[in-house]
Structures are given as C-alpha cells and as structure tokens.
Amino acid sequence: MAATTDQAASSSMSQCAYHVFLSFRGKDIRKTFIDHLHTALEQAGIHSFRDDDEIEKGEDIESELRRAIQQSRVSVIVFSKNYASSGWCLDELVNILQQRKTTGQVVLPVFYDADPSHVMNQTGTFGEAFARHEEEANMENDERKKEWMDRMKRWKEALTEVVNLGRKILQSNAFEHESLFTQEIVQEIGKKLNRTVFMVAQYPVGLDWRVEKINLWLQDGSSDAVIGVIHGMGGMGKTTIAKTIYNLNFERFKYRSFLADIREASKRPNGLVRLQTQLLEDILKGRKQKIQSIDDGIIKIKNAICGRKVFVVLDDVDQLDQLNAVFGMQDWLYPGSKIIITTRNERLIKARGTCKMFKVDQMDNKESFELFCWHAFGKARPDEGYMELSLNALQYCGGVPLALQVLGSSLHGRSVAVWESALKKLKAIPNNDVLETLAASFESLQDDLDKKLFLHIACFFVGKDKDYTVKVLDECELYPTVGIHSLVDRCLITIDDGRKLRMHQLIQDMAKEIIRKESPEEPGRRSFLCHEKDSCYVLSTKTGTDRIQGLILNMDMVMEENSPGTNFNVNNRKRHHVQDNPERSILPYQGNPPKRHQIDFFSWQPIATALTKLFPVPDEVNLSTDAFAMMHNLKLLKLNHVQVSGSYNEFPKEVRWLCWHGFALKYIPSDFPLESLVSLDMQKSSLKQLWKGTKSLRSLKFLNLSYSYSLTTTPDFSGLPSLERLALKYCTSLVKVHESIGDLEKLVYLNLRGCEKLRELPKGISCLKSVEKLILSGCSMLQRLPMELEKMESLTEIHAGGTAVNQSRFATRKGDWWRNLFWSRAPRPSKNVDFPLFSLPCTLVKLRLGECSLSDNIMPKDFSGLPSLLELDLSVNPITSLPDSMKSLTMLKSLFLHSCTSLQSLPELPSSLKQIVLNDCKSMKRMVMTPSLLKSMSSKLLDGCNRLTNIDGLFKLELIGNFDAQIIDKLGLVNLESMGTVEVELCNQLTSTRQKLPLQVLDFCLSPLFSPINMSKK
C-alpha cells in the first residue's frame, strides 16, 4: 500500500512545530503512562510536545508552554486523579480551549484512571482539589480572593466544556491493558491529524535501538542519494522496522512512497505493472498513470524520480526482476533521495551498487522474554505459575519476533494444562504460521539443487566446518561451493568466524517439516529421516525405500525419549547438553578434553520436530543389516551407539558420509561396503584395528577414530591416497602408527593428542609435505621424533603441551633458519634415553610447549629461525628468563607464560605483540615494555605477579634510602629520620595485587598504575 497525506494536511503542518501538545499532571503519570504514550506517538511518526523534552533550562516556562500550544495541531489533555490539584494544569487547560476558539485547534480529552463525570461536575478527587483551592482563596485579602474566585470559575467552565467536546470517551478503565488504551489514543490522534501512516508493532520491544541506528544514518544531513538495505531471515521484524523508519521520516519528503510486500504483490496478475503504477501515483501526488508494459513503467519511473528528491521504501524484495521494475539504476536518483529496501536476499541488492547494509539479528534473551510476555499476558512478566512454561516456549521461538508474537498470542488467557499440551504439540509439529513465513526463503531458491543442498545441510551439517561440508557434498553432486553462497544470501544459513555453518533452529524445523510433508504417513518414503523415532520405526519394520538419501539414528536419544517420565520440562534437557560438533568429528581439537557445560534457561537448544505420529518403538531394538537393503540411494548415514547384526552384502554401496559412534565390533567386516566413503567417523568405538588387511578407499578424505580406547594400531594407509585429515585423539592403547603414513601426500592435519602409549612415530612422518597442523600433546610415552621435520614444508602449528621436551644443545645450520630441539619421554631423562635431533620449519605459526619441563639450560637462545611465529606458549615451565632474541619474532601476536613460577625477568618484546599472559608468575621482578606497546596490547594478564617492581620505561619501585641525598631534598622529603620505619600498602592495578612495603619512590611513572591504600608507622 502507499502512504501519502493530502494537501491540506501538508499546508497545516507547514505552520505547526508539533503534531500534538500533551497536557498532564507530571507527578501522577509523567514517568509511566505519558512516557509510554509519547513513545507510541513518536513511533507512529507523530511529533509530540512534552515539557521535560522541549523546554531548555532558563527559559520562561509559561510563555514557552503557551507558544507550544499555539504551534500544535492537536492538544491532548490527560486527566488523572490529581490533575485538578495543579493550578498550573488548569491554567494550561484554559489556554488550550482559548486556542481552540481562535484557531480551531483539535482538543482530545483522555481520562486516565479518572471518571469523566467527576471532571465535568468537579466531584470526587476533582471536588476535593477545588475545595483546597477555595481554602487558599479564603486566606487571601479581598482583592486577591476575587482574583482566585474568578480564576476558579474559568477552571470549572473549562472542565465542563472539555468533557462535552469528546464524541468518543477515551477512558483507561474501558481497556483490559494499558497498551491497548495507548494504541487507541494514537489511532484517534492519527484520525484527527488526517494522516496516512503505518501502525507498527503493538508491543515495540527492542524496536527503538534497531530503528535508531538506521535513522541516524538516514538523517545524517548528507545530500547524497543513498540506499539502505535492511536484511535478515524471515520473521525478524524487517518490515516493522521499515514502517517505523517511514513514519519518522516521510514528512521530510514531498515525494514519497511505501511499496509493501513486493514479493507477494509481484505474483499477482500484472503484479509488477501494478507496483509501478502505485509508485508513480505516489510520487506524482495521485496523478493517474497508464503503463503499457514493464519496460514502459521503468522509463516513466526514471523520468518521475530523476528530478525529485524522493523517499521510497521497497518492502520484501526477493527477486532481481522486482527490483529492476521499480528501481533501475542508482544514478537515476536526485541528490538527497533516500531508498530503503527490506529483503532476505542480501547479495541481490549488493549487486546493484553501493548500499548501506543493516542486518536484523534475533532478539536477545531479555527482549525475547519481554515481548513474549506482552503477547501472552499483556504485561512484561508472566502470571504466577507460568514462569517455567514461558521459558520453555522461548526455547522454541529462538529470538524470532514473529514466533514470539504468534506463540504468545495463541497462549494468551489459556490454562496451565493448555500451555503444557500446546508446547508438547510444538515439539512434534512446528507452528504453521511461523514456518510459512520462513519457507518463503526456501521457495525463492530457483535451483532444485540449492533446495536439496539446503535440506542436506539442515539435517546433517549444521555446526560443521564449511570446507569439510563442501568436500563431502561435492561427492553427492550438489555443487555446494556456489550453492552455499545462495543459501547465505537468503539468510537460510550463516557462516561464523570459525567458518562453521550455522542455521537458526526454526529454519531447521522448517526444513524438517518440508521433509515430513513429502510423506506424512509413511516415513520410509521421505528423502531424509532426521528424527530418531522415525528412523527407528523404519529400520525395525524394514519399510525403507530408495527415496531415502540420509538417515540419523542415535539410540541414546531413542532410549531417553522412551524412558518413563520424559516430558517437556526445562529440567529434563540432558539431550541438549552436548550438541554434535563437526570439529569433534574430524576437525582440529582446540583445547582440553571435552567438559560438560552448564546452560541456562535462555540457551537456544534444538527441539525435536517433524513428527506427525509417534511410531511405536520397542524397549529393545534389534536391527539387522537387511533393513537397509532397499535404500539404494542412501548417501549420508549416522548410526550412533547402534548395534546391527547380519551380513553387509546388501548394505547401501553409495554411502559418502558415515558417522558411527560407539561401533561395537573389534574391526570392520570385510563385506562392509566402504568404497564410496568420503568421511568415516567411528569415535568411541570398540575397534582394536580398523579392518583386516589393506583396503583401497580412494575417495576417503576424513578419518576419525578418536576415543577408541581399544585401538592398538592404525591401518595400512597405502590404499587411502586422498586422506586429508586423520584424528586419533585419546586412543590410549595405540602403540604404533603404520609406516605408510608417509605416503599420504594430501594429509594436512594429524591429531594424536592423548595417545599415551605411543612410543615412537614412523620415520616417514617427515615426508608429509602437506601437513599444516601436528598435535602431539599428552603423548607422554613418546621417546623420539624423526630428525628431519624441516621437510614438512607446510607445517604451521605444533602442539606439544604436556610432553617432556629437552634440548641439550642448539645449532643453526649454515644456509637455513632451522632450530634444533631434542624431545624425550620424561622430564628427568636417564643416561639410556635417546635424544634425537630434529629441526623445526620456519613456516611455523603456532608453537605450544606448555608443561614440557623446559629449563634455562635447554631453552634455545636464538628464536630468529621462526620468523612467521604468531603464537608461542611456554606456560608451566621452570624457566627463569627468556633470551634477548625474543624481539626478533617480529610477527608474534600472543605470548603465554602463565604459571612459570620461576620466571624472574622478561627481555624486550616485539612491538607486534597484542596479547601476553603472565598470570601467577610469582617470581617476576622485571620486564621491558614500552608504554606504547603496553597501550597497543588488546589483552594483558599479569595477575599474581606480586613481586613485579620494575617495567623498564614505565615505572620502578626503589627504596628511598637508596637515593642520593640531593635528590631526596629536591623531592621535598626532609627529616626522614624522624618518621621512623614507615610502611606503605600499595595496590598495583596492573598485576591486581596489594603489598606492604617500606617507604619507596615510584620512579619514571608515566601512568597511575599504583595507588597508596594505607600508611602506617612502626
């Protein structure tokens, strides 16, 4: 629809500074009702005068109020219980009615917790107020008393007159909720102003700050023609924001238009031509335009806007032809023109030129809670007994305003029993109104392959590394490299800073509902089985078909859902504590072994969806391999903690991705078809060896056997020429890595963390020229490493925390930059321990040697052989100092030395350093750090360095007795002997420590790092 105002309204506004003057008793309602009303008016584009906003200190308040009344088109008089107690308010009322008589100003009485009859007849609290006024009058002399009585007569006449003005009584107790009363007033004022504006959100929670940042950009005073794009997934409130922006700005432009719901409007017969016609009529102030074709419309729009400063909002654009039809090129726009576009397809708009992008993200926990409560209870907090249910509902909505509004409204006024039933239903079948809005982005995908790609990712790859996903789905012929860009553009997925694929839970629910509708009654005829109960039913009844492309069955989930007492309750959420993590399946591990994390009520966790009927699952599930016999097109298979019996001859042979945690056999059977696999993940298995003999798996790129505690040896790798990532974390029985690992020319990642029985690595490991990351942390039995690690020319990270690294000598070979380190199996080597020499490549970016028992005599003296090093971790080592060559690490960003309790000093550090961690270096006394370096660092942790008294170039604490007598005199410190022994307690803000010291002088102080706490005399 278009939003315009008629000529009369425009003329009137040109003479008025305000739409509305608000008259009210401040002590009663200034910070409550008036504040809410003022906000609602501003959001509707109605500029209101409120004395605490508009009158500057020092101005004549009475004359300013009189001027504001004269410059307003409408006066709203809000009668509260104590309105008549203020003579000021009553005088203001008289002035307003006088303005009405002289200029025809519209006056709108509003009764907030006040009875209109009491106002008109001066009874109740109004009668009591006038009685007090009369008492004041009787205390005056005759002349003053007469003035008082005349004034009171005018007040009474005004009160009677104003009540009789309103054909429609606006009274607060006629409305169940104050917010509804506020909206009614706004609508009534809108009618009085004769303006066509948009009503926006009934409960504008979180709207102000989202609108403000766009409005600041829009009103920056620039004369440039600019385009702003509000983008985000469906249901996030993009249109609501755009309407509010339009309401706040449309009167600044003579030529304006708001084209709503372009996506749907363009689907109607001659939809684009109709949109063009509407835009032209809005810009040309109602002049009818006949458009013969889309091309004809484009030319006429160009001619209409090229000479006019326009303000146009194009709402919900999702196709290029829609944009081309109503807005051609940016250089058509006249200086000062402003265009706002809302869309789910970010890249569609970016391709058209320079735009300012505004992404609308989901609401935070507080906003979500408040908005839901307003819709469900008509207030900002739940009713008694509904708190836990409300928190459950928030898990489903996930910060999407549309979902919060729809679900909250549907539960408004319902009993606890109805709430519980509704939430259980949501667990099985998502709300259709919400999903239809979200599905529009899916339907806008023009390529069927992109739709298939979306469903694959929604079911199997949310949270997984983008590159990993691409390599797996490339083998499924889904062309994911380009397809993922299309999904990102339509806000169906996002890619986080760690290059993981993310998808809002409601979008995942939408995808699963699309799949469910493929065959609501027969799950075996769907393309994917994403829910455990569906999968278990199909496998146990052997009703699978060749339509199934992916299947997930996690027996832990099935048994939990079948366990007695399972219900939809915030306390019963064990299943959500640990979400399947793609990094856990094959990607590098970044820290210590996984720990259980606590989640609060507002944590967004996945909720099982896509059930129409609960297919019966027996208490004991016995599955056989022939249940998969008809699934000829199965490519993605996840079977966690599932036991399957029978021959694998009929098992699907096209599986590309197999995740089978808790695999119960000691080795993979010889008839198991593995030839098509790209990724094999068998974490937490009972495997002793992967398979017998040698397998030729030429497509396999990812192999993860981590936490397989019985695994003693790796397979022969000669048949795995494509392997890129090998994870063997915490295979605590592993004693041998096959020599053929050196043949893996494409291997980029090798993780042997926690393989505590591994005594040696094969010599061939130094032939791995593609390996970028080598993780050996916790390999406590490892006796030696190959000498020629410098051949690993791509190696950028070595993680060796928790191992014993010793160096008996340091050598730099002529002609290269290599350093030589010795590694041993124990911190206290015996004479029989062999210390082989090996070299580190200059390509290293990260070197982690924490807890390696490094001491000064084995610490290298020259770091210049590592010019690319960005991160160095030497924490928990018994070193007392670092070499001066540290400053040669000109690329170093992070230095970790925490808990080096013997460390006493640090040399000059490289100016590139951004992070230093020195926590609990209790012996640290001196370090070199320039003030500029200290200020430039984004993170510096020196907590617990309570002996630090000297940072060269910054400060130095020294006993005052060590200073020359002349210097002491110049400092004005005389008669020190008479002071006796004085102690000062100092607080060091840099190290977060306090200590009592003899009286000292702080030398070379350039910043207030120290502050005296207490001074005492002994």
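Just so it is clear, the model here is predicted, and its values are computed rather than measured.

A. Here's a closer look at the packing of aromatic side chains. One pass over the structure, following the stated rule, counts 33 aromatic pairs. On the basis of an interplanar angle of 20° and a centroid distance of 5.5 Å, the ring pair of Phe33 and Phe181 is categorised as stacked. Here the residue Phe33 occupies a position in helix α3 (residues 33-43), and Phe181 occupies one in helix α10 (residues 178-193), the gap between them amounting to 148 residues. Of the two residues, Phe33 and Phe181, neither departs from the other in class, the shared state being buried. Their ring planes at 15° and their centres at 5.4 Å tell us that Tyr246 and Phe311 sit as a pair that is stacked. Of this pair, Tyr246 sits in helix α12 (residues 238-249) while Phe311 sits in strand β8 (residues 310-317); the two residues are 65 residues apart in sequence, bridging distant segments of the chain. The class of Tyr246 is buried, set by a relative accessible area of 0%.

B. Here's a closer look at the pairing of β8. Buried residues dominate β8, accounting for eight of its eight residues. As paired elements, strand β7 (residues 255-259) and β8 share five bridges and run parallel to each other. Within the sheet, the bridge partner assigned to Ser257 lies in β8 and is Val312. The pairing of β8 with strand β9 (residues 338-343) spans five bridges and is parallel. Each bridged residue has a counterpart across the sheet, and for Phe311 the counterpart in β9 is Lys338.

C. Structural view of the sheet that holds strand β6 (residues 226-231). Here five strands make up an open sheet; going across it, the order is β7-β8-β9-β6-β10 and the pairing parallel. Sheet topology places β7 and β10 (356-359) at the edges, where each strand pairs with a single neighbour. Across this sheet, the average inter-strand angle for adjacent strands is 15°, counted without regard to direction. Bridge count for β6 against β9 is six bridges, and the pairing is parallel. Of the residues in β9, the one forming a bridge with Ile227 is Ile339. Of the strands in this sheet, β6, β7, β8 and β9 are in contact with α12, which crosses β8 at around 170°.

D. Representation of the packing of helix α22 (residues 432-443) against helix α26 (residues 505-518) in the model. Orientation of α22 relative to α26, taken along the N-to-C sense of each, is 90°, at an axis distance of 9 Å. Regarding the angle of α22 to α26, the classification is roughly perpendicular. Packed against α22, whose contacting residues are Asn432, Val434, Leu435, Leu438, Ala439 and Phe442, the element α26 presents Leu506, Ile507, Asp509, Met510, Glu513, Ile514 and Lys517 at the interface. For the contact of α22 with α26, the class distribution of residues is nine nonpolar, one polar and three charged.

E. Spotlight on the sheet that holds strand β1 (residues 18-23). One open sheet holds the five strands; their spatial order is β2-β1-β3-β4-β5, and the pairing between them is parallel. Lying at the two open borders of the sheet, with one neighbouring strand each, are β2 (48-49) and β5 (170-171). Relative to strand β3 (residues 72-79), β1 runs parallel, the two being bridged by five bridges. If you follow Val20 over to β3, its bridge partner there is Val74. Its contacts with the sheet put helix α9 (residues 142-165) on β3 and β4 (106-111), and the angle it makes with β4 is roughly 95°. Where α10 meets the sheet, it contacts β1, β3, β4 and β5, and its direction lies at approximately 170° from that of β4.

F. Summary view of the side chain of Gln99. Assignment of secondary structure puts Gln99 in helix α6 (residues 87-103). With a relative accessible area of 11%, Gln99 lands in the buried category. In this structure, Gln99 is in contact with Ile69, Gln70, Gly104 and Gln105, ignoring residues within four places of it in sequence.

G. Summary view of the pattern of salt bridges. This model, assessed by the stated rule, comprises 26 salt bridges. The partner of Arg144 in a salt bridge is Glu140, and the shortest N-O contact between them spans 3.9 Å. Arg144 sits in the partly exposed class, given a relative accessible area of 38%. For Glu443, the salt bridge goes to Lys451, with nearest N and O atoms at 3.8 Å.

H. Main features of the nonpolar core. The biggest cluster of nonpolar side chains holds 106 residues, and the ones touching the most others in it are Leu752 and Leu918. Counting only elements with at least two residues in this core, the list comes to α27 (532-541), β14 (550-554), β16 (636-640) and α30 (931-936). Element by element, the count of residues in this core is highest for α27, at three residues.

I. The layout of surface pockets, seen in detail. In this structure, the second largest pocket spans a volume of roughly 750 Å³. Lining the second largest pocket are 34 residues, and of these Met236, Gly237, Lys238, Thr239 and Thr240 lie nearest its centre. Contributing elements (two or more residues each) for the lining of the second largest pocket: α11 (207-218), α12, α13 (262-265), β8, α18 (365-377) and α20 (401-411). Considering every element that reaches the lining of the second largest pocket, the biggest residue donor is α12, with five residues.

J. Just the pairing of β6, in detail. Of all the six residues making up β6, six are buried; the element is thus mostly covered by neighbouring parts of the structure. Of the two faces of β6, the one carrying Val226, Gly228 and Ile230 and the one carrying Ile227, Val229 and His231 are both buried. In terms of strand pairing, β6 meets β10 through four bridges, oriented parallel. Its bridge partner lying in β10, Gly228 is registered against Lys356.

K. Representation of the packing of helix α23 (residues 448-461) against helix α24 (residues 466-474) within the structure. Axis separation between α23 and α24 bottoms out at 12 Å; the angle between their running directions is 120°. Looking at the two axes, α23 sits oblique to α24. Classified by chirality, the crossing of α24 by α23 is right-handed. Here Leu453, His456, Ile457 and Phe461 of α23 come into contact with α24, specifically with Tyr468, Thr469, Val472 and Leu473. Residue classes in the contact of α23 with α24 are distributed as six nonpolar, two polar and no charged.

L. Representation of the confidence of the model for the protein chain. Per-residue confidence for the protein chain gives a mean pLDDT of 81; residues scoring 70 or more make up 80%. Across residues 1-14, confidence stays below pLDDT 50; counting only partners more than four residues off in sequence or on other chains, it has 29 contacts.

M. Spotlight on the environment of Gly544. On the secondary structure map, Gly544 appears in the loop between α27 and β14. Under the relative-accessibility criterion, Gly544 is labelled buried at 9%. Distance in space between the C-alpha atoms of Gly544 and Ala627 is 7.1 Å, their sequence separation being 83 residues. Apart from residues lying up to four places away in sequence, Gly544 is in contact with Gly524, Val538, Met630 and Met631.

N. The arrangement of the environment of Gly228 in detail. Considering the arrangement of structural elements, one finds Gly228 in strand β6. If near-sequence neighbours (up to four positions away) are discounted, Gly228 is found in contact with Trp217, Ile339, Ile340, Ile341, Lys356 and Phe358.

O. Expanded view of α20. Listed as buried for α20 are Pro401, Ala403, Leu404, Val406, Leu407, Gly408 and Leu411. Remark: Gly413 follows α20 within two positions and exhibits a positive phi of approximately 75°.

P. Expanded view of the side chain of Ser885. Mapped onto the elements, Ser885 comes out in the loop between β29 (871-873) and β30 (894-896). Among the polar contacts made by the side chain of Ser885, one reaches the main-chain amide nitrogen of Phe863 at a distance of 3.1 Å.

Q. Geometry of unusual backbone geometry. The phi angle at Asp113 is positive, at roughly 55°, despite the residue not being glycine. The backbone of Asp261 sits at a positive phi, close to 50°, despite the residue not being glycine. Following the sequence through the fold, Asp261 ends up in the loop between β7 and α13. With relative accessibility at 31%, the residue Asp261 sits in the partly exposed group.

R. Highlighting the environment of His36. For His36, the position within the fold is in helix α3. Residue class for His36 comes out partly exposed when judged on its relative accessible area of 43%. Excluding its chain neighbours within four sequence positions, the residues that come into contact with His36 are Glu178 and Thr182.

What counts and how
Residues numbered from 1 in each chain as written. Predicted model: local features only at pLDDT ≥ 70, side-chain atom pairs only at ≥ 80, totals over all residues. Heavy atoms only, no water. Phe/Tyr/Trp six-rings, centres within 6.5 Å; stacked < 30°, edge-to-face > 60°. Helix = DSSP H or I, 4+ residues; strand = E, 2+ residues; numbered from the N terminus. Buried < 20%, exposed > 50% of the residue type's maximum accessible area, 1.4 Å probe, protein only. Pairing = 2+ DSSP bridges. Axes fitted to C-alpha atoms, helices over the stretch in contact; angles between N-to-C directions. Contact = heavy atoms within 4.5 Å. Parallel < 35°, antiparallel > 145°, perpendicular 65-115°, else oblique. Nonpolar A, V, L, I, M, F, W, Y, C, P; charged D, E, K, R; others polar. Salt bridge = Lys/Arg side-chain N within 4 Å of Asp/Glu carboxyl O. Core = buried A, V, L, I, M, F, W, Y, C linked by side-chain atoms within 4.5 Å. 1 Å grid on protein atoms, 1.4 Å probe; cavity = no way out; pocket = protein on both sides within 12 Å on 5 of 7 lines; lining within 4 Å. Points joined across faces, edges and corners; volume = space filled by probe spheres on them. Left-handed = near helix turned anticlockwise from the far one by under 90°. pLDDT = per-residue confidence, 0-100. Polar contact = N/O pair within 3.5 Å; in protein donor to acceptor, adjacent residues only side chain to side chain.

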